[in-house]
Structure formats: structure tokens, C-alpha cells
Amino acid sequence: MKDVLCCLQIGEEDDPAMTEDDRYAAINTEDVSMGEPECIRQWRQEQEERLAKKDAAEQEAIEDLRRQAGQDLEDMYRHMDEQLDQTKARNRSAVPPLSTC
């Protein structure tokens, strides 16, 4: 790693064609070749498992909410129909029948 840094430090200021990405490409290559530490890989795997469990729980909660919302809508429409039927019955009984002359 020190060799890579030394190579980058020597003359990097002199080359105007060298971009910032080029300057750090060797460092990035070295980091990738070394790989991730075991504790980081283990954490990443555990994090993915936790997120998968949370996603599954969230999907289940969404489905429960949808079922509950559907049931609430059915109850509301049934109640509205009952109220409408009762109102119609009261209105019919309040109006005297038409007499035929």
C-alpha cells in the first residue's frame, strides 16, 4: 500500500492530464484486492437478513391494513344501505296515501 501511495505522490502534480479519478484508481484497486474484513462481511450479511425480515413484516402489515380497509368499507356501505332503507320506510309511512277521486 505504501508503494502505491509513493507512486501517486511522485509527479502527480506535474501531469495536468491526470484526473482525480486517475490519482485514486491505484488506491481503489489495492483496497478491492485486499477485500473486506470478515467482520464487515458478517455485518453486511446480518444487515441484509434484518432488512429482509423487516421488509416481510412491512408487507404483511400492508396486507393487514388492506384487508381491514376493505372490511371497513363493506361495513360502511352496509350501514349506509340500512340507514337509507330506514329513511325510505319512515318517509313512506309519514306521507298519507294518495286518494283517488
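Residues numbered from 1 in each chain as written. Predicted model: local features only at pLDDT ≥ 70, side-chain atom pairs only at ≥ 80, totals over all residues. Heavy atoms only, no water.

Visitor: Which residues make up the overall build of the chain, and what values go with them?
Guide: Of regular secondary structure, the chain possesses 3 helices and 0 strands. In the chain, which comprises 101 residues, the share counted as buried stands at 4%. (Helix = DSSP H or I, 4+ residues; strand = E, 2+ residues; numbered from the N terminus. Buried < 20%, exposed > 50% of the residue type's maximum accessible area, 1.4 Å probe, protein only.)

Visitor: Describe the pattern of salt bridges, listing the residues and the values that go with them.
Guide: Using the criterion set out here, one finds 5 salt bridges in the structure. Residue Arg-44 is joined to Glu-36 by a salt bridge in which the shortest nitrogen-to-oxygen separation is 2.3 Å. Its salt-bridge partner being Arg-66, residue Glu-63 comes within 3.5 Å of it at the nearest N-O pair. You can see Glu-63 and its partner Arg-66 sitting in helix α3 (residues 38–94), 3 residues apart, about one turn around the helix. With relative accessibility at 36%, the residue Glu-63 sits in the partly exposed group. (Salt bridge = Lys/Arg side-chain N within 4 Å of Asp/Glu carboxyl O.)

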